[in-house]
Amino acid sequence: MIEESLITRIEPKKKMSFFEWKEISAYRDLVYYLALRDIQLRYKQTSLGIIWVILQPLVPAVIFAVLFGNFAKLPSNGQPYMLLVFCGLIPWNILNGSISRAGISLVANANLLSKVYFPRIIMPISTLGSVFIDMLVSVGVLAVLMVFFQVPLTLNILMVPVFLVLAFLMGLGVSLIVSSLNVYYRDFSLVVPFALQIWNYTSPVVYSTELIPEKWRWLYALNPTTGLLEGFRWAVLGDAPLNTTMIITTVVFSALLLFIGSMVFRKVERGFADIV
Amino acid sequence: MNSDIAISAKGLGKSYLIKHHSDLRTTTLRESILGSTSRLLQGKRKVVETSETFWALQDVSFDIKQGQILGVIGSNGAGKSTLLKILSRITEPTKGFAEIRGKVGSLLEVGTGFHPELTGRENIYLNGTLLGMRKREIDGLFSEIVAFAEVERFLDTPVKRYSSGMYVRLAFAVAAHMSPEILIVDEVLAVGDAAFQKKSLGRMEKVAKSGRTVLFVSHNMASISALCDRCIILDHGRVTYEGPSGEAVLKYHGQSSKQSSHVVYQPDQNMADEYVRLVQASLEDEHDRPAVLFETRRPLKIRLTYEILTSDSVQCVPNCHFFAADGRQAFIAYQPDIKPLARGIYESICTVPENLTNDGVFSVGLAITTYREERMLSFVFDQGALTFNVVDPMIDEFRSYGYFGPIPGAVRPVLNWSFRKVESPSKPS
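Since the model is a prediction, treat every value here as computed from it, not as a measurement. Per chain, residue numbering runs from 1 following the sequence as it is written. Chains and ligands are labelled by the order in which they are written, letters from A for the one and numbers from 1 for the other. For this predicted model, a pLDDT threshold of at least 70 governs which residues receive local features, and a threshold of 80 or more governs which side-chain atom pairs are given and counted, while totals over whole chains, interfaces and linings are taken from all residues. Heavy atoms from the whole structure form the basis of all side-chain values; hydrogens and water molecules are not counted.

## Focus on the packing of helix α3 (residues 50-71) of chain A against helix α4 (residues 81-103) of chain A
All names here are of chain A.
Argument step 1. Every axis in this analysis is a line fitted to C-alpha atoms, fitted for helices over the stretch in contact. Angles between the N-to-C directions lie between 0 and 180 degrees. Helix and strand assignments follow DSSP, with helices taken as H or I runs no shorter than four residues and strands as E runs no shorter than two, numbered in order from the N terminus. Relative to each other, α3 and α4 sit at 135 degrees, their axes nearing to 8 Å. As far as their axial angle goes, α4 and α3 are oblique. For the pair α3 and α4, the crossing hand works out as right-handed. Within the contact between the two elements, α3 uses Pro 57, Leu 58, Pro 60, Ala 61, Val 62, Phe 64, Ala 65, Phe 68 and Gly 69 and α4 uses Tyr 81, Met 82, Val 85, Phe 86, Leu 89 and Asn 93.
Argument step 2. A per-class count over the contact of α3 with α4 returns 13 nonpolar, two polar and no charged. Any angle that falls under 35 degrees is termed roughly parallel, while one over 145 is termed roughly antiparallel, one within 65 to 115 roughly perpendicular, and all others oblique. Crossing handedness is defined as follows: a turn of the near helix away from the far one that is anticlockwise and smaller than a right angle gives a left-handed crossing, while the clockwise case is right-handed. Throughout, a residue-residue contact means that at least one pair of heavy atoms, one from each residue, lies within 4.5 Å. Under this grouping Gly is polar, as are all residues other than the nonpolar Ala, Val, Leu, Ile, Met, Phe, Trp, Tyr, Cys and Pro and the charged Asp, Glu, Lys and Arg.

Rendered as structure tokens:
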């Protein structure tokens, strides 16, 4: 039995290597329990619990709908402004949530990193669990809103999961970079909220891309979230035709972010226990 | 790598860069950017920041056979933790390599990842998966873990409401039920109350006896001697000794105090007064062979030679002062019935019988006290003249019932017990 067991070789690594999927998969129960811990801790001893998850996207959606839709009369492509905002907030909150929660995950769990071995990537991945739960609740609220506003269902709705997954992948890519750099430079914990705010303003979260003058849209489309948010709206509301260039930009950027993120993470993860 | 070797380390080294100007841990982006730009601007000018390479571990090589228990001894900062962290893959070596055959479970801390807000049940699963267990493994061990920790009634209470004893018991219980082929343990026995420590040590013993390979770090020499077959001593990041635990423990103690089985006093050494002078002393086993390592079930002898310098009808009484490893006096032995003696060289042999001292390291202070007509005149004393180590072979009366934990106290005498039946149960009428 022992004859067949694996020999692990511990040595200074020089070559770049990709993640060891087999090992990560052996720790998948840990991902589950870490995610469960985050979720439980978020809502334990809060008396309203899940109500907060519902209110978080709902309240801003109502405010922006009144301000931008009713008062400023911004274009909404003929849709209820509230739905437009809510559809923007779902993928945006995935990005925002994963970057801000996974981004600090390594620093926040420094005691674990220095006391026990597990594939380090498990830490940022597991924080996505609580983001996922928030997303599920929001999607439920969205369904209620769609019934309320009597939005006709189209076949586009089948693409909703694709865009959600895309949002998570993009979020993970950025989190890998942010979380590992955070270990070395604590500045990132200050920079990230600020950067996320700027990114929010420059993305069609609470307004429609229609607001951007035609001649600047190519530039606007370079923002990888443009395609993500507009794509999600297209899938849910099924109105305006899909701008494929935007979607391709998004997919390419997400893949690129994920690749760069993985590389950065792999490069620096060996030093985590010594630095953190 | 031979198939009977579980862990093989070859030239392991770990260095840290110590920056004297800015602290590595709190580097900010600004410092990094400003640092590199100012270096660019200054061109060839020297950077004020100096750094120094510190080797926490250097050229460490050893092999552990399958099923062997290797102890690692060393003072604080000797590199013990660094070694364990490398073998547990928490940190990477700078030099050398190690090969490990089999699944490793490492226990550098009890209760890693325990969260006060989570319940006992939730913490068992979180901690268990962190230690590399799968959910179904924990499912299978769950009732055993809970019973070991004695927390059945509080499973669904957040652990922040636990007493510290319960907390530690639960934390240790999870760890103790891991079943890797190789177990790496750091000082975890130093938790909880005495009763629980015994229980944990018993558990470790069981793990060890089940044929698993264990790497065990501890400051507790008694548990090291009790559990480990072999030990390595680390000093300033290097292995200074490798060998049987009994001798390693002795050697480790010897690093701070002189130790030998034999001591010879020169006339100018001041181990004399106007009445008597110490000449030499030695430690011997029951067959009169010099020794420093004894078993609890064997006697040992202290042979003391001294010269009486006067015929002034004084009584020169040899006595031995035994000190335990923690520095506390264990007991004193006096030679009885000393008559006034003529000048000359004499030899006294003090036999410490089997089953008197507990296991552990003892130092012996040698003294000769001079009396005249029931008045103490003088006292020649060499504190810590000899050092010896008593090991527990784990087969005496104390162990016969199956208790393998540490036994407290400096002495461990086997006493006489009488025993009788007082009354038969009265027959039901």
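## What to know about the nonpolar core
Argument step 1. Within the largest apolar cluster, 155 residues are counted, with the highest numbers of intra-cluster contacts made by Phe 118 of chain A together with Phe 62, Leu 83 and Leu 87 of chain B.
Argument step 2. Here this core gets 14 residues from one element, more than from any other, and that element is α4 of chain A.
Argument step 3. If near-sequence neighbours (up to four positions away) are discounted, Phe 62 of chain B is found in contact with Ile 7, Ser 8, Ala 9, Leu 70, Leu 83, Leu 87, Ile 232 and Glu 242 of chain B.
Argument step 4. Formed by 32 residues, the second largest nonpolar core is a distinct cluster that contains Tyr 275, Phe 331, Val 380 and Ala 385 of chain B. What is meant by a nonpolar core is a set of buried Ala, Val, Leu, Ile, Met, Phe, Trp, Tyr and Cys residues, joined one to another through side-chain atoms within 4.5 Å. Summary of the burial criterion: residues with accessible area below 20% of their type's maximum are buried, those above 50% are exposed, and those between are partly exposed, where the area comes from a 1.4 Å probe applied to protein chains only.

## With respect to the interface of chain B and chain A
How big an interface is tends to be stated in terms of accessible area lost as the parts join.
Argument step 1. Facing the 50 residues of chain B at the interface are 42 residues of chain A.
Argument step 2. When a carboxyl oxygen of Asp or Glu lies within 4 Å of a side-chain nitrogen of Lys or Arg, that pair is called a salt bridge. Applying the counting rule to chain B against chain A returns five salt bridges.
Argument step 3. Residue Glu 23 of chain A pairs with Arg 89 of chain B through a salt bridge whose shortest N-O separation is 2.9 Å.
Argument step 4. Elements with a contribution of two residues or more to the side of chain B that touches chain A: β1 (5-19), α1 (29-42), α2 (80-87), β4 (95-101) and α3 (120-130) of chain B.
Argument step 5. Per-element accounting of the side of chain B that touches chain A gives the leading share, seven residues, to β4 of chain B.
Argument step 6. Grouping the amino acids of the side of chain B that touches chain A by side-chain chemistry returns 17 nonpolar, 16 polar and 17 charged.
Argument step 7. Strand pairing is assigned whenever DSSP identifies at least 2 bridges connecting the two strands. Bridge count for strand β1 (residues 7-10) of chain A against β4 of chain B is four bridges, and the pairing is antiparallel. Opposite Ile 10 of chain A, over in β4 of chain B, you have Ala 98 of chain B as the bridge partner.

## Observations regarding the packing of aromatic side chains
Two measures describe an aromatic ring pair: the distance that separates the ring centres and the angle between the ring planes.
Argument step 1. Ring pairs shown here join Phe, Tyr and Trp side chains whose ring centres sit within 6.5 Å, with only the six-membered ring taken for Trp; geometry is labelled stacked below 30 degrees between planes, edge-to-face above 60, and tilted in between. This structure, assessed with the given rule, holds 20 aromatic pairs over all chains.
Argument step 2. Residues Phe 19 of chain A and Trp 21 of chain A carry aromatic rings whose centres are separated by 5.9 Å and whose planes lie at 55 degrees to one another, so their mutual orientation is tilted.
Argument step 3. Accessibility expressed as a relative area gives 7% for Phe 19 of chain A, which makes it buried.
Argument step 4. With relative accessibility at 54%, the residue Trp 21 of chain A sits in the exposed group.
Argument step 5. Ring geometry for Phe 68 of chain A against Tyr 81 of chain A: centres 6.5 Å apart, planes inclined by 85 degrees, an arrangement best described as edge-to-face. Here Tyr 81 of chain A lies in helix α4 and Phe 68 of chain A lies in helix α3, a separation of 13 residues in the sequence.
Argument step 6. In this structure Phe 68 of chain A comes out as partly exposed when scored by relative accessible area, which is 23%.
Argument step 7. In textbook terms, an aromatic cluster arises when at least three aromatic residues are bridged by ring pairs, as seen for Phe 294, Phe 322, Phe 331, Phe 362 and Phe 388 of chain B.
Argument step 8. Placement of a charge over a ring requires the Lys NZ or Arg CZ to be within 6 Å of the ring centre, with the centre-to-atom vector within 35 degrees of the ring normal. In this structure, Arg 120 of chain A packs its charged tip against the face of Phe 118 of chain A, placed 5.0 Å from the ring centre.
Argument step 9. Geometry around Tyr 16 of chain B places Lys 14 of chain B over its ring, the cationic atom sitting 5.2 Å from the centre.

Function-wise, these values are silent; they only describe arrangement.
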